[in-house]
Amino acid sequence: MRSSYTPAPRFITLLLVAVIACAVPGARCSDRRFPHLDRVRELHRREGSSSAEQEAAARGLLERLLPSHSTSFDFRVISTEQCGGKACFIISNHPLFDGEGTPEILILGASGVEISAGFHWYLKHYCTAHISWYKTGGSQLSSIPHPGSLPRVPAGGVFIQRPVDWSYYQNAVTSSYSFAWWDWERWEKEIDWMALQGINLPLAFTGQESIWQRVFQRYNISKSDLDDFFGGPAFLAWSRMANMHGWGGPLPQTWLDDQLALQKKILSRMYAFGMFPVLPAFSGNIPAALKSKYPTAKVTHLGNWFTVDSNPRWCCTYLLDASDPLFIEIGKLFIEEQIREYGRTSHVYNCDTFDENTPPLSDPNYISSLGAATFRGMQSGDNDAIWLMQGWLFTYDPFWEPPQMKALLHSVPVGRMIVLDLYAEVKPVWINSDQFYGVPYIWKVLFFFFLCMLHNFAADFEMYGVLDALASGPIDARLSGNSTMVGVGMSMEGIEQNPIVYDLMSEMAFHHRQVDLQVWIETYPTRRYGKPVKGLQNAWWILYQTLYNCTDGKNDKNRDVIVAFPDVEPLVIQTHLYLSSGKLYSTIPPKIYEKGASNDEYEHPHLWYNTSVVVRALELFLQYGDEVSDSNTFRYDLVDITRQVLAKYANDVFIKIIESYKSNSKNQMVTLCQHFLDLVNDLDTLLASHEGFLLGPWLENAKGLARDREQEIQYEWNARTQITMWFDNTETKASLLRDYANKYWSGLLRDYYGPRAAIYFKHLLLSMEKNAPFALEEWRREWISLTNNWQSDRKVFATTATGDALNISRSLYMKYLRNADLLEPEGTFSSGSSASL
């Protein structure tokens, strides 16, 4: 029956409409300007998994996500021609439905991904369900009716065609910030999530070190030579990008072998869904040993990347010059070895040249030769290769002026390169670069890297977003004059945060016009919590207008005092006050005097909203929380908004501490310092009430990949170091990347952030008592010692949540927020104190 199925007449009508739509001006089912993209699309159709395999993948997802309804849905793969020349899905009432136990809903799609996305669309828009990561509350499926009573769709069916071909996912550093310790069980869940979101072009970086090992063995590079090249498990992203080498290593051979085996499972499942995994390619990054074994090779020694003293033990990697014959040869071997090992390829390869490393020459001819050689290396191994490049370098480095940018983009035949416009939700490059000079690009919400305001840096916790830009940006870019846009995407540095942002952005892969956000926001909490609660709808409208309406274009790297404590002498902190509202408490932006500030300036937290308005949203959560207190998604959101509000409150407390210090008000300062430390510990107790805010899983998952005790120690050190202070430091000089991957995780606050703050406060008090300058060097010495000891510690932290989130949040509101007077906090909530003056 499956092989001979013919669509009912109403679908034929829909498909004819889709075919006709391709003839409408501006509706591009195929773009003759880029014939090679059409060829790769054809290769994907020809070389992709069979229809039966893709249908089976979608059914497997259904059985994992919603086993109670495994017979309620029927899935069929159809051709893109039946979709009107582009990918689509069609949802209809099943013609064979005859009561419980028979299929109720039929979903047709051009691939397993399209079927899965159609399944998600039905759950979302007809069953008011919500799909999210486990750590952000998991999926809300309680609103789905029982089998046999699923909602019917309109008689004509629901036809959704993609406006652009590809939906991209991941960032080059997500592999370290979020995926570092994943096993197959966790990866299987993520690939299911990808399919449900309609992602068909995911980055697939796992296990590449094993491929590099084989390639470099051909050049007489031994395993011990590579020990200084590969970073540790938590730092592989930056050794891959030539930012550093060796840090956190060496990698055991078992790690290399296990990760390669894991990659094969990942690729197999991605291909089964009809995805097209993006594999890595050679950018010129080489181990130092290659330079010594080939002394005549043209090699550039790159500059320092955020080390304290430019220590060559970790920094200043080697780049093989594009003009050297070895460049194309190595690039060819790497592509060939991947295809040989994996048995197939999507023909799309990621390669990021000079990611946060400035090229040695600005001559456009040099830049062009580098790009051409990089592509020839790919093409030599795969004649149909397409180069996919993150456009981060154009935003990050002022080196890339129009001549250099154009030289790189035009070094590759048109249609053989796709650029990811990583910062497009705030500062799109396509607007200022003449549509990337004719190069196809993917519009992306970037949840990316370093010193720019992107959605997420380093998997930090911050309720933040620009929902208006997400709802309109991809549409504006696609409909702009001479648009070369071929996809949308998500490329955050860390996942498992801000589920509303990802819920909206993934949906934009299927919208042809701007989303009505007023309607979308009104329905979001109903889907997220399983039933409509007017008070929570009002709360989310407030959050949309404040936290998720950041339009100032500033860097949102989380620098809250608790998680990013200032390494600066207190007198240089300017405590200029202003009230963001007349209610509850003031928001005080810490500043640095222009003169006299050290290189360790207090990078003050980003604040773009009226804090008292967000507190009002929290009050609504607390007022109406009993109606959905059994919802795990609600508990996550409640903990997150309480954390957000109290974190900004803590910033105010810190400034009042500095004011007291400057005015020599000892008693007040002591009271405020203890108040701050109590708040840190109380926040730790709040975070412990939800699985999404625990330190324990990060550490236990790291140890879980180890084969022996020595590896356990190494992997746990990697995990602890990445989230605190990594790269080098001296006894009195902290790493430049301290607190970059800071986390609001229970266990981390009580055991590390609280004691660190206590050290600083101790030196404030000593300075006041001795009438002496603040001992900045001694503070640093103790802080760095605390950090080094914590990183090497083996203390075990909880992996399951404890406590009632709603009751804890209510208690903290009463204690810290009900009264504006910081000196007289109300309430009796107490969690004990591991850090005090």
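Residues numbered from 1 in each chain as written. Predicted model: local features only at pLDDT ≥ 70, side-chain atom pairs only at ≥ 80, totals over all residues. Heavy atoms only, no water.

Trainee: When you look at the overall build of the protein in this model, what are you seeing that I'm missing?
Mentor: When helices and strands are counted, the protein shows 29 helices and 19 strands. Of all 837 residues assigned to the protein, the portion counted as buried reaches 65%. Considering only residue pairs separated by 6 or more positions, the protein has 79% of its internal contacts joining residues 24 or more positions apart. Counting only carbon and sulfur atoms, one obtains 51% of the accessible surface of the protein, whose full area is about 28,900 Å². (Helix = DSSP H or I, 4+ residues; strand = E, 2+ residues; numbered from the N terminus. Buried < 20%, exposed > 50% of the residue type's maximum accessible area, 1.4 Å probe, protein only. Contact = heavy atoms within 4.5 Å. Areas by Shrake-Rupley, 256 points an atom, 1.4 Å probe, with all protein chains shown as cover.)

Trainee: Looking at this structure, I do not really get the packing of aromatic side chains. What am I missing?
Mentor: Each aromatic ring pair is characterised by the separation of its centres together with the angle its planes make. Summed over all chains, the structure comprises 61 aromatic pairs. Judged by centre distance (5.1 Å) and plane angle (55 degrees), the ring pair of tryptophan 541 and tyrosine 544 falls under tilted. One end of the pair is tryptophan 541 and the other is tyrosine 544, both in helix H21 (residues 534-545) and three residues apart, which spans about a single turn. Classification of tryptophan 541 by relative accessible area gives partly exposed; the value is 26%. Taking the relative accessible area as the measure of exposure, tyrosine 544 reaches 11% and is therefore buried. Ring geometry for tyrosine 752 and tryptophan 790: centres 5.7 Å apart, planes at 40 degrees, overall tilted. (Phe/Tyr/Trp six-rings, centres within 6.5 Å; stacked < 30°, edge-to-face > 60°.)

Trainee: Sorry, what's going on with the sheet that holds strand S2 (residues 88-93) here?
Mentor: In a beta sheet, neighbouring strands are held together by backbone hydrogen bonds and run either parallel or antiparallel to one another. Strands sit in the order S1-S3-S2-S4 across an open sheet of four strands; the sheet is mixed. Strands with a single pairing partner mark the edges of an open sheet, and in this sheet they are strand S1 (73-77) and strand S4 (158-161). Averaged over all pairs of adjacent strands, the angle between their axes in this sheet comes to 15 degrees, without regard to strand direction. Examined bridge by bridge, S2 and strand S3 (residues 105-109) share five bridges and lie antiparallel to one another. Residue pairing for S3: serine 92 is matched across the bridge by leucine 106. (Pairing = 2+ DSSP bridges. Axes fitted to C-alpha atoms, helices over the stretch in contact; angles between N-to-C directions.)

Trainee: Could you clarify how one ought to interpret the packing of helix H24 (residues 666-687) against helix H27 (residues 748-770) in this entry?
Mentor: Any two packed helices are characterised by the angle at which their axes cross and by the distance between the axes. At a closest axis distance of 9 Å, the pairing of H24 and H27 adopts a crossing angle of 175 degrees. Relative to H27, the element H24 lies roughly antiparallel. Packed against H24, whose contacting residues are Lys666, Met669, Val670, Cys673, Phe676, Leu677, Val680, Asn681, Leu683, Asp684, Thr685 and Leu687, the element H27 presents Leu748, Leu749, Arg750, Gly754, Ala757, Ala758, Phe761, Leu764, Leu765, Met768 and Glu769 at the interface. Class assignment of the residues belonging to the contact of H24 with H27 gives a composition of 16 nonpolar, three polar and four charged. (Parallel < 35°, antiparallel > 145°, perpendicular 65-115°, else oblique. Nonpolar A, V, L, I, M, F, W, Y, C, P; charged D, E, K, R; others polar.)

Trainee: Where do I start with helix H29 (residues 805-817) in this structure?
Mentor: An α-helical turn contains 3.6 residues, so a residue and the one three or four places further along point in the same direction. The end-to-end C-alpha distance of H29, which contains 13 residues, comes to 17 Å, matching closely the 18 Å that a straight helix rising 1.5 Å per residue would cover. For H29, the complete set of buried residues consists of Ala805, Leu806, Ile808, Ser809, Leu812, Tyr813, Lys815, Tyr816 and Leu817. Buried residues belonging to H29 abut helix H22 (611-624), helix H23 (632-662) and H24. Regarding H29, its N-cap is aspartate 804, as a side-chain oxygen of that residue lies 3.0 Å from the backbone nitrogen of leucine 806 further along. (Expected span 1.5 Å × (residues − 1). Polar contact = N/O pair within 3.5 Å; in protein donor to acceptor, adjacent residues only side chain to side chain.)

Trainee: Mind showing me how you'd approach the state of the cysteines here?
Mentor: Among covalent bonds in proteins, the disulfide is the one between the sulfur atoms of two cysteines. Under the criterion given, the structure shown has two disulfides. Across the disulfide, cysteine 83 is cross-linked to cysteine 88 (sulfur-sulfur distance 2.0 Å). Across the S-S bond of cysteine 83 and cysteine 88 the torsion is about -65 degrees, and the bridge reads as left-handed. Assessed through its relative accessible area of 0%, cysteine 83 is described here as buried. Look at cysteine 88 and you get buried, because its relative accessible area is 0%. (Disulfide = S-S within 2.5 Å.)

Trainee: It is not clear to me how the packing of helix H26 (residues 709-722) against helix H28 (residues 776-792) should be interpreted in this structure. Could you clarify?
Mentor: For the pair H26 and H28, the least separation of the axes is 8 Å and the interaxial angle reads 140 degrees. With respect to each other, H26 and H28 are oriented oblique. For the pair H26 and H28, contact is made by Trp717, Arg720 and Thr721 and by Trp790, Gln791 and Ser792, respectively. Within the contact of H26 with H28, the residues separate by chemical class into two nonpolar, three polar and one charged.

Trainee: Can you help me understand the sheet that holds strand S9 (residues 299-301) in this one?
Mentor: Spatial ordering of the open sheet is given by S8-S10-S9, a layout of three strands whose pairing is antiparallel. Pairing within the sheet leaves two strands with one partner each, and these edge strands are strand S8 (285-286) and S9. Here three bridges tie S9 to strand S10 (residues 318-320), and the two strands are oriented antiparallel to one another. Across the sheet, residue threonine 300 finds its bridge partner in S10, namely leucine 319.

Trainee: How do you make sense of the nonpolar core when you look at a structure like this?
Mentor: Nonpolar side chains in soluble globular proteins tend to be buried together. Judged by nonpolar contacts, the single largest core of 261 residues is most densely connected at Phe73, Phe676 and Phe761. Among the elements that make up this core, the one with the highest residue count is H23 (16 residues). For phenylalanine 676, the contacting residues outside a window of four places in its chain are Val561, Ile562, Phe565, Ala650, Val653, Phe654, Ile657, Ala757 and Phe761. Of all hydrophobic cores here, the second largest spans eight residues; its members include Ile78, Cys83, Cys88 and Ala110. (Core = buried A, V, L, I, M, F, W, Y, C linked by side-chain atoms within 4.5 Å.)

Trainee: It is not clear to me how the pattern of salt bridges should be interpreted in this structure. Could you clarify?
Mentor: Side chains carrying opposite charge are able to pair once their charged atoms draw close together. As enumerated under the stated definition, the model contains 48 salt bridges in all. Among the ionic pairs, glutamate 337 bridges to arginine 218, the shortest N-O distance being 3.4 Å. Placement of the pair is glutamate 337 in helix H12 (residues 325-342) and arginine 218 in the loop between helix H7 (208-217) and helix H8 (223-226), with a sequence separation of 119 residues. Here arginine 218 falls in the partly exposed class, since its relative accessible area comes to 48%. In this structure, glutamate 716 engages arginine 720 in a salt bridge whose closest nitrogen and oxygen atoms are separated by 3.0 Å. Here arginine 720 and glutamate 716 lie together in helix H26, a separation of four residues that amounts to about one turn. (Salt bridge = Lys/Arg side-chain N within 4 Å of Asp/Glu carboxyl O.)

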